[in-house]
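Each chain is listed here by its residues.
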Amino acid sequence: MPATTNQNNTQGNTAGNSMEQLQMEAVIMQHNPERGVLASADVKIGGFMTIRNVRIKEDDYGLTVSMPRTKMPQTDQYKDSVYFADRSMKEQFDQIILNAYQNSILSPVLNDDMPEEEIEQGECMDQEEAPGMSMVM
């Protein structure tokens, strides 16, 4: 199941003094550790736009978020297909994606700690509370 993270962000509108709220939702689509890309994500911004194939990589600086890229035909170089004019919005965007990635990594680990029967019942009993078990000193 894909991991999602929601966050409301406010951004100043340069045309006026009103504040516009943007809701961002990141969905981790797949994990690809063998290709240098740890995972890819789709990010829905508000109700009007989705950015697909945002990549999460690990490099010398730690986890980084890379935007989708397009190969330029004249120079054979790659350029980001999507970019932010405001650095703070890019930082918030990156943080939402990294949080969703962290949640997607941790959720299977947390679920593996509990036996299936207890997960389905929604409870986990300690050994001391288990029937038929007692420790007396």
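Check the entry above for the structure.
All figures in this text were calculated on a predicted structure; none of them were measured in a lab.

Here the distance between the centres and the angle between the planes together describe a pair of aromatic rings. In total, this model carries 1 aromatic pair according to the counting rule given. Here the aromatic rings of F84 and F93 are separated by 5.0 Å at their centres, their planes lie at 50°, and the arrangement is tilted. A relative accessible area of 1% means that F93 is categorised as buried.

For strand 3 (residues 37-45), the tally of buried residues reaches 8 of 9 residues, placing the bulk of the element in the interior. Looking at chain direction, strand 3 and strand 4 (residues 49-59) are connected through 7 bridges and run antiparallel. Its bridge partner lying in strand 4, A39 is registered against I56. Hairpin connection, strand 3 to strand 4: the antiparallel pair is bridged by 3 residues, and G46 has positive phi, about 60°.

Before going further, it helps to spend a moment on the nonpolar core. Core analysis: the largest hydrophobic core is formed by 21 residues, its most contacted members being I28, V43, V54, I56, F93 and I97. At the level of secondary structure, the elements contributing two or more residues to this core comprise strand 2 (19-31), strand 3, strand 4 and helix 1 (87-112). No other element matches the 7 residues that helix 1 contributes to this core. Beyond its immediate stretch of four places on either side in the chain, F93 contacts M24, V43, I45, I51, V54, V65, M67 and F84.

A separate point is the pattern of salt bridges. Summed over the entire model, instances satisfying the criterion amount to 3 salt bridges. As a salt-bridge pair, D80 and R69 come within 3.2 Å of each other at their nearest N and O atoms. Taken as a pair, D80 in strand 7 (residues 78-80) and R69 in strand 6 (residues 69-71) lie far apart in primary sequence, 11 residues in all. On the accessibility criterion, D80 (38% relative accessible area) is partly exposed. Where R87 meets E91, a salt bridge forms, and the shortest distance between an N and an O atom there is 3.3 Å. Taken together, the positions of R87 and E91, both in helix 1 and 4 residues apart, correspond to about one turn of that helix. Look at R87 and you get exposed, because its relative accessible area is 66%.

With that out of the way, let us pick up unusual backbone geometry. Despite not being glycine, N53 has its phi angle at roughly 60°, a positive value. Looking at where N53 falls in the secondary structure, it is placed in strand 4. The backbone of D76 sits at a positive phi, close to 60°, despite the residue not being glycine. Position of D76 among the secondary structure elements: in the loop between strand 6 and strand 7.

Reading the values: rules and limits
Residues numbered from 1 in each chain as written. Predicted model: local features only at pLDDT ≥ 70, side-chain atom pairs only at ≥ 80, totals over all residues. Heavy atoms only, no water. Phe/Tyr/Trp six-rings, centres within 6.5 Å; stacked < 30°, edge-to-face > 60°. Buried < 20%, exposed > 50% of the residue type's maximum accessible area, 1.4 Å probe, protein only. Helix = DSSP H or I, 4+ residues; strand = E, 2+ residues; numbered from the N terminus. Pairing = 2+ DSSP bridges. Core = buried A, V, L, I, M, F, W, Y, C linked by side-chain atoms within 4.5 Å. Contact = heavy atoms within 4.5 Å. Salt bridge = Lys/Arg side-chain N within 4 Å of Asp/Glu carboxyl O.

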